[in-house]
Amino acid sequence: MRVISIHDFSKSYSKGTFAVKNISLEIRDGEVFGFLGPNGAGKSTTIKSIVGLLNPTNGSITVNGHDITKASVQAKYQIGYVPDEAVLMEKLKGIEYLNFIADMYQVSNRQRRERITKLSEAFKLNSDLVKTIDTYSHGMRQKLSLISALMHNPAVWILDEPIVGLDPESAFRLKKMMKSHSEKGKTVFFSTHVMEIVEKICDRVAIISKGELLFVGTVEKLKKNRGDSTMEEVFLEVTKSEAEQDDFSYLDAY
Amino acid sequence: MKQNKMISLILTLINAHYGLSKKRVQYFKEKKRLWEFFLLLGVFGFLFIFIGPLFVKLQGMMIDQYRQVGLEGLFLNNAILITGMFGFFLGIYLVINEFFFTKDLNLLMSLPLKPKEILGAKSFLVMIDLLWISLLFLLPPLVIFGVKTGADIIYWITMVFVLVFSQAFPVIIQMIVLLPISRYINFGKYKDFLIYFMSILLVVVVIGFQFYATNDLAGYQLSEEKMIEMLSNPQGLISQAGKDYPPASIGVKALIGEGFQRVLWLFLFILMHVTGFYFALFIGEKTYYKTYLKFQDHYNGKEGKANQLIFEHSSDRFSGTDCNLFVCNKQPGISANI
């Protein structure tokens with residue numbers, strides 16, 4: 001079954017300039033889907049449109065059958081979203097923030113108690129939940145953002161560069177959680193720049209560059225098409241990066 | 001503890017807005033910045049002990065003067081009017097700030113909330129902000145009036161409604177005007193300009209209102225027939241003075257009107273505000289969501305442009321101009337997105 005369906009989606013911020021041009025994607029249930037691309041390629045624009053933070057200029061996006069522009073509330077109940085930069089209420093305590101998010105998703109007392117305890121232990125944040133969020137480090141904010149997104153047990157996880165800021169142990173746990181979520185028939189859609197994660201956990205990937213989809217398929221297929229190079233090399237090749245030809249001798253010239 | 005969605009949203013916004021949790025931790029747990037807490041207590045204590053009696057005496061004298069000519073209603077009318085005017089002046093900035101510049105919008109819009117729920121909670125927050133003005137300028141006159149005239153129970157009940165709704169009218173009008181306008185003017189883009197423009201506009205409106213009200217009232221007073229009518233029927237003057245600000249005249253009639261009519265005026269007072277609030281929500285729902293998304297477009301578009309600028313110059317890494325640096329400095333988020 002298709003969980004996220006993106007059909008002829010375009011997004012323009014100003015007349016004639018498109019951040020994303022006519023992309024169509026189907027993400028199925030039980031899939032860990034990696035969304036890759038260089039900076040400014042249109043990843044965050046696509047993700048923000050999927051979660052209803054941006055209106056598509058053209059095309060449609062549905063999440064579990066709910067059109068994100070026409071039935072945004074129903075669609076948002078299906079989603080657990082972690083933005084690229086954690087947006088939190090700084091002056092609240094961590095636990096107050098989590099309770100607020102749980103209220104918004106109508107999570108029962110029992111479920112929120114269980115999930116807050118387990119998730120905060122997994123991310124080693126339990127003792128910090130009584131502190132106000134403005135005292136948190138970047139990594140702690142990212143962890144809180146993750147816990148709040150997963151608390152209502154959403155069917156679809158949409159994570160925009162979720163690993164950024166996490167310590168290696170938390171990053172490892174998150175990868176395991178993502179895999180476990182997909183094994184239960186649910187969906188994870190995430191963007192990342194870390195090719196190692198893509199290789200390890202993604203069932204399928206899409207590569208976007210300058211607003212256009214360049215590839216959609218499995219990691220194996222992608223690598224096979226490019227003569228079994230490393231994921232990093234494949235990515236640079238697909239996105240036509242000139243990074244390998246760069247000469248950095250000027251760095252030590254003086 | 002699970003809470004109703006709307007109650008939780010409003011309480012959380014209030015907590016975040018006033019930093020209540022942070023202050024509680026700071027003052028009572030960490031025992032930091034306690035001087036701030038005591039300074040606040042001291043200032044309010046000083047005002048209450050030294051300024052309070054003088055204020056009460058002045059208000060009492062004013063009530064006596066109004067009563068001598070049988071115009072005590074005008075005293076209440078002025079108190080409601082002045083409080084409302086303050087609400088209009090200060091509220092405009094609070095509404096713009098709360099609806100268009102607070103960071104929490106990014107979070108709220110990603111949650112399963114209807115636009116009118118966000119709108120309702122935010123307007124409630126603005127009203128609470130403005131209610132401080134009412135506590136300062138409206139509550140004391142209402143209480144002093146009630147005590148001095150030995151008001152009955154209906155007066156005290158009505159007083160609570162008048163106080164609670166005292167800032168609703170300004171906020172409703174501001175929402176009805178600002179939210180649709182924001183579809184055509186990108187407030188996010190012209191923040192500085194908007195503050196100057198609104199300030200000038202407000203001065204013009206105040207002068208215009210003052211001119212209109214003075215002329216209107218002067219014309220009313222100069223007519224001999226109307227002067228007689230005014231003295232024989234003080235409610236007429238209240239209606240005349242209050243026609244520029246309906247909540248004032250309706251509120252006064254609900255507070256000190258005659259017999260059962262008071263209850264009807266109170267009902268009308270509540271109905272007017274509740275209907276106005278729902279109308280403002282309706283207008284906001286039709287316009288605000290798109291406005292917010294447009295605002296997001298502006299933010300993301302700017303980020304995109306800045307990124308584009310960096311990419312355009314990436315082939316010549318030493319040609320960073322002032323303009324480049326300026327754009328980059330304005331958008332520190334870019335570096336976080338790399």
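Residues numbered from 1 in each chain as written. Chains lettered and ligands numbered in written order. Predicted model: local features only at pLDDT ≥ 70, side-chain atom pairs only at ≥ 80, totals over all residues. Heavy atoms only, no water.

> Help me out: how do you make sense of the nonpolar core in this one?
Within soluble globular proteins, side chains that are nonpolar generally end up buried alongside one another. Counting 143 residues, the largest nonpolar core has Tyr97, Ile158 and Phe189 of chain A as the members making the most contacts within it. By residue number, the principal contributor to this core is helix H4 (residues 72–101) of chain B, which donates 13 residues. Each of domain 1 (1–78 + 156–167 + 177–242) and domain 2 (84–154) of chain A gives at least three residues to this core. Once you skip the residues sitting within four places of it in the chain, Phe189 of chain A turns out to touch Ile4, Leu25, Ile27, Phe33, Phe35, Ile47, Ile50, Trp157, Ile158 and Leu159 of chain A. (Core = buried A, V, L, I, M, F, W, Y, C linked by side-chain atoms within 4.5 Å. Buried < 20%, exposed > 50% of the residue type's maximum accessible area, 1.4 Å probe, protein only. Helix = DSSP H or I, 4+ residues; strand = E, 2+ residues; numbered from the N terminus. Domains from an automatic or database assignment. Contact = heavy atoms within 4.5 Å.)

> For this particular structure, what's the right way to read the packing of aromatic side chains?
The description of an aromatic ring pair rests on the distance of the ring centres and on the angle between the ring planes. Under the counting rule described, the total for this entry stands at 18 aromatic pairs over all chains. Aromatic pair Tyr77 of chain A and Tyr105 of chain A: ring centres 6.1 Å apart, planes at 80°, arrangement edge-to-face. Of this pair, Tyr77 of chain A sits in helix H2 (residues 72–77) while Tyr105 of chain A is found in the loop between helix H3 (94–104) and helix H4 (109–122), placing the two residues 28 residues apart along the sequence. Since its relative accessible area comes to 29%, Tyr77 of chain A is described here as partly exposed. Note on Phe86 of chain B and Phe137 of chain B: the rings are 4.8 Å apart at their centroids and 15° apart in plane angle, and the pair reads as stacked. Here Phe86 of chain B is found in helix H4, whereas its partner Phe137 of chain B is found in helix H6 (residues 115–137), with 51 residues between them in sequence. On the accessibility criterion, Phe86 of chain B (32% relative accessible area) is partly exposed. Looking at Phe137 of chain B, the relative accessible area reads 35%, which means it is partly exposed. Here the aromatic residues Tyr66, Phe75, Phe145, Tyr155 and Trp156 of chain B are joined through ring pairs into a cluster of three or more. (Phe/Tyr/Trp six-rings, centres within 6.5 Å; stacked < 30°, edge-to-face > 60°.)

> When you look at the sheet that holds strand S1 (residues 2–14) of chain A in this model, what are you seeing that I'm missing?
Residue and element names in this part refer to chain A. Taken in spatial order, the four strands line up as S2-S1-S4-S5 in an open sheet, and their pairing is antiparallel. Single-partner strands in this sheet number two, and they are strand S2 (17–28) and strand S5 (66–67). Examined bridge by bridge, strand S4 (residues 58–63) and S5 share two bridges and lie antiparallel to one another. Note on S5: the bridge partner recorded for Thr62 is Asp67. Each of S1, S2 and S4 touches helix H1 (residues 43–50); the most contacted strand, S1, lies at about 120° to it. (Pairing = 2+ DSSP bridges. Axes fitted to C-alpha atoms, helices over the stretch in contact; angles between N-to-C directions.)

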